[in-house]
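# Structural overview
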Amino acid sequence: MDFSTYQKESRKTATYPSIGYNFIYPTLGLAGEAGEVVEKIKKLIRDKNGVVDDNIKTDIKKELGDVLWYLSQLATELNLSLDEIASENLKKLFSRLERNKIQGDGDNR
């Protein structure tokens, strides 16, 4: 599946207040779901010494899917294409790599 198809199809499942005019709801959902991924990793470190098994992979995959869903809805609310976001991000990263600026901080390196 490509991002464009995912973005279009996932939108059919979106139900939240003022859909189409509400970037705040998916932003909050994205933060919440990212937090759930962090919690899974935290508990993996605490309870299983960081050993990843098939069950934790399945759980994390589900949470990452939720992150993707909210990311997609936020992009849609802002009339942005996930394909373009992904493409521009890779361009930025490869430019940094070519200029030996992959490490460090700041968006404009």
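In what follows, the structure referred to is the one given above.
Throughout what follows, the structure given in this document is the object of discussion. Not measured: the values here are computed from a predicted model. (Residues numbered from 1 in each chain as written. Predicted model: local features only at pLDDT ≥ 70, side-chain atom pairs only at ≥ 80, totals over all residues. Heavy atoms only, no water.)

### With respect to the nonpolar core
Counting 11 residues, the largest nonpolar core consists of Tyr-6, Ala-14, Tyr-16, Leu-30, Val-37, Val-67, Trp-69, Tyr-70, Leu-74, Ala-75 and Leu-82. Elements represented by at least two residues in this core include exactly helix H2 (24–48) and helix H3 (54–77). The element contributing the most residues to this core is H3, with 5 residues. Apart from the residues lying within four places of it in its own chain, the contact partners of Leu-82 are Phe-3, Tyr-6, Gln-7, Leu-71, Ser-72 and Ala-75. (Core = buried A, V, L, I, M, F, W, Y, C linked by side-chain atoms within 4.5 Å. Buried < 20%, exposed > 50% of the residue type's maximum accessible area, 1.4 Å probe, protein only. Helix = DSSP H or I, 4+ residues; strand = E, 2+ residues; numbered from the N terminus. Contact = heavy atoms within 4.5 Å.)

### A closer look at the environment of Glu-63
Checked against the element boundaries, Glu-63 lands in helix H3. By relative accessible area, Glu-63 is classed as buried at 11%. Measuring from C-alpha to C-alpha, the distance between Glu-63 and Gln-73 comes to 16 Å, with 10 residues separating the pair along the chain. What Glu-63 contacts, discounting residues up to four positions off in sequence, is Glu-33, Glu-36, Val-37 and Lys-40.

Honestly, that's just the spatial picture; any functional story needs more than this.
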